Structures are given as structure tokens and as C-alpha cells.
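Each chain is listed here by its residues.
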Amino acid sequence: MYIFKKVDDLQNHLEKLRQAGSTIGFAPTMGALHSGHLSLINAAKSECDISVCSIFVNPTQFNESSDLDKYPRTAGADIDLLTQVENDILFMPPVEEVYPKDLDTTLSLDFGQLANVMEGQFRPGHFDGMAQVVKRLLDIVQPNRLYMGQKDYQQFAIVQNMLKQLESDITIVRCPIIREDDGLAMSSRNVRLTPEFRASAPIIHDMLLKAKDMAANETPQKIMQFAKNLLDIPGYKMEYFDIVDGESLQAFDDFKSVQSAVACVAIWAGDVRLIDNIILK
Ligand code: AMP
């Protein structure tokens, strides 16, 4: 695996590959890699000639500096995992390569209601920072295909919308959520759960499965109320459990009125914030 820290070095290498006709699949990450991330690399490898993974803990998308400080950083183990899955190129730049002083990387795109609900409500500024770094990384890597996880459903919808607004040729691919055996969605933050919270956290996925069952007969309002009651457990603090249109991310009253629907949840397990979702329709 080639490892680059500098934009110029990566771009020189990629340019040669592109000239030789290779297609490039790109999976941006913040490291502390797990099987969910590796599934993106595997998808990129199966559909493109070259897989590129980036590891960059993006300061502009953290609205709390303590969250940024506590974010796990495991570069050595990440390199081992990427080598095992035969990833071709790893880009792990320092902050000044992504945000050089003489380059204006701010984005002036408006994601409208997509960015105001759910994560947007509880993490102000998060999506502006996320879109800024994804756009910057896409400008650097210039991939044919971009691989992102359904785990961050709203993030995916916003990046998809960004590519549309930019009239980009990049194909965005949504990869399914990879879970632990007990159903907990894999996340870099899971390592910070206490043994007690780790043992009880699969309730989040159980709840989502129950919501999917209920969607056949109940209204979104009934399901959301049921979920909120069920997840009202000591030590846990729910930020939202929303059932929304899978495209617009807006609430609706009747499953018959939408083409697609998704249930999204964010919940604090002690001091660890977990998100998960399930496609209902
Ligand atoms: P992160 O490192 O958390 O920024 O995630 C990088 C990419 O991996 C994003 O596109 C995530 O949606 C995706 N991802 C994270 N966790 C999972 C998972 N459990 N299953 C599938 N994709 C995931």
C-alpha cells in the first residue's frame, strides 16, 4: 500500500494511474477503522481499479472541541487493517495540507431542509464542516466513485445533494451498515462505551427492527412514541428518534404518502453519542 501525507505526492501518483486508464474509488474516513470502513474499501476494490482511503479527523466538523480531542486515533492499527484488505492508497494528511492558509476552502452551498433536521438540529455547523472536507478531499483525489456508509444516512443525503448542486460526474455509492454480532452498528466511538453500556447498546438496533415491524400497520407518530418510551432507559439520553421521508428527510403522516422512509436515532450512552438507522420502506 502506498501512503501519502502530501497533496502533491498523492496527486502525482494518481495522475499516472489515471493516464494509464485506471478508475479510482475513494472512501473518506476519520480513522479508528473497523469492518464498516473496510466494507467501503472492499466495495471500491470490487468496482474500481484503484482504491483510495483517506484518514483525516476533520476539525471543522466537530462542534465540541472535547469531542475532537476524545476522537480515537489508531494510525498503526489502521495501516495494518488497510494492508490486510489490500487497499491500494492511503492518504493521511496533516491539517495544513487539507486547509492551507492561502486556500479558501469554505463552501457556500445551501442544503436547505436536508441539513436542518436530526443531526443538523443537534450538531450546529457539523454538516458545513463535513461538506467542506468532503469537497476538498474530492478536489484532491478526483475519484470516479465515492463510497460512503448508510450508517450516516443524513450525511450521505447531503453529500449526494452537494454532488448534484456541483454538477459533479462522481458516482456516489451507499454501502450498507455493518453491525457487531449482537446488532450494534459498528462505530469508531464504540470503544469508548463502558462494559455496561456496551452490553445494553444493542437495544438501539432491536428498537429499529421493531420499528420496521410496526411500519406495516402503524403510523410514524405511533412508532416514534413507542420508540421514545422504550429507549427511556437509565443512563441513556435520546436526542431524537425520527421517521422521515428517505429523500427529503422531512416528517410525514402516512407511509402511503412516501416512496421511501427511514427511521433515524441519536442517543447518548453515558458520554458516548451513538447514531443508527433503518430503512423502513
Ligand atoms: P467515519 O470514519 O465515522 O467518518 O466514517 C467514514 C465512512 O465510513 C462514512 O461514510 C461512514 O458512513 C462509514 N461507516 C462508518 N461506520 C459504518 C458501518 N458500521 N457500516 C458501514 N459504513 C460505516
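None of the values given here were measured: they were computed from a predicted structure.

1. Considerations on the packing of helix H10 (residues 203-214) against helix H11 (residues 220-230)
Piece 1. One way to put it is that H10 packs onto H11 with a least axis distance of 10 Å and a crossing angle of 160 degrees. In terms of orientation, H10 lies roughly antiparallel with respect to H11. Seen from above, H10 lies across H11 with right-handed handedness. Contacts between H10 and H11 pair Ile203, Met207, Lys210, Ala211 and Met214 from the former with Ile223, Phe226, Ala227 and Leu230 from the latter.
Piece 2. Here the residues of the contact of H10 with H11 are counted per class, giving 8 nonpolar, no polar and 1 charged.

2. Remarks on the sheet that holds strand E4 (residues 89-91)
Piece 1. If you walk across this open sheet you meet the 6 strands as E1-E4-E3-E2-E5-E6, and the pairing is parallel. A strand with exactly one partner marks an edge of an open sheet, and here the two such strands are strand E1 (2-4) and strand E6 (171-175). This sheet shows a mean twist of 25 degrees between the axes of neighbouring strands, independent of strand direction.
Piece 2. Note that strand E2 (residues 24-29) and strand E3 (residues 50-55) share 6 bridges and pair parallel. Bridge pairing in E3 places Pro28 opposite Ser54.
Piece 3. Of the strands in this sheet, E1, E2, E3 and E4 touch helix H1 (residues 7-19), which is tilted by about 150 degrees from E4.
Piece 4. Of the strands in this sheet, strand E5 (145-149) and E6 touch helix H8 (residues 153-165), which is tilted by about 170 degrees from E6.

3. A short note on empty space enclosed by the protein
Piece 1. Inspection of the entire model under this criterion finds 2 cavities of 30 Å³ or more.
Piece 2. Its boundaries defined by the atoms lining it, the largest cavity holds a volume of some 830 Å³.
Piece 3. Forming the walls of the largest cavity are 46 residues, and the residues nearest its centre are Met30, His37, Lys151, Asp152 and Gln155.
Piece 4. Every element with two or more residues in the lining of the largest cavity is listed here: E2, helix H2 (35-47), helix H7 (126-141), E5, H8, strand E8 (261-269) and strand E9 (272-279).

4. Description of the site of the ligand
Piece 1. For the ligand, the set of nearby residues contains 17 residues, the closest of which are His37, Gly149, Asp152, Ile178 and Met186.
Piece 2. Taking Gly149, its main chain carries an N or O atom lying 2.9 Å from an oxygen atom of the ligand.
Piece 3. For the ligand, a nitrogen atom lies 2.9 Å from a polar atom in the backbone of Met186.
Piece 4. When the ligand sits alone it has 480 Å² of accessible area, and the protein chains cover 92% of it.
Piece 5. When each cavity is represented as a set of grid points, the ligand is found to reside in the largest cavity.
Piece 6. A per-element tally of the shell around the ligand places H2 first, with 3 residues.
Piece 7. Partitioning the shell around the ligand into residue classes produces 9 nonpolar, 6 polar and 2 charged.

Calculation rules
Residues numbered from 1 in each chain as written. Predicted model: local features only at pLDDT ≥ 70, side-chain atom pairs only at ≥ 80, totals over all residues. Heavy atoms only, no water. Axes fitted to C-alpha atoms, helices over the stretch in contact; angles between N-to-C directions. Helix = DSSP H or I, 4+ residues; strand = E, 2+ residues; numbered from the N terminus. Parallel < 35°, antiparallel > 145°, perpendicular 65-115°, else oblique. Left-handed = near helix turned anticlockwise from the far one by under 90°. Contact = heavy atoms within 4.5 Å. Nonpolar A, V, L, I, M, F, W, Y, C, P; charged D, E, K, R; others polar. Pairing = 2+ DSSP bridges. 1 Å grid on protein atoms, 1.4 Å probe; cavity = no way out; pocket = protein on both sides within 12 Å on 5 of 7 lines; lining within 4 Å. Points joined across faces, edges and corners; volume = space filled by probe spheres on them. Near = heavy atom within 4 Å. Polar contact = N/O pair within 3.5 Å; in protein donor to acceptor, adjacent residues only side chain to side chain. Areas by Shrake-Rupley, 256 points an atom, 1.4 Å probe, with all protein chains shown as cover. Sits in = over half its atoms within 2 Å of the grid points.

Read these as layout, nothing more, since geometry by itself doesn't imply function.
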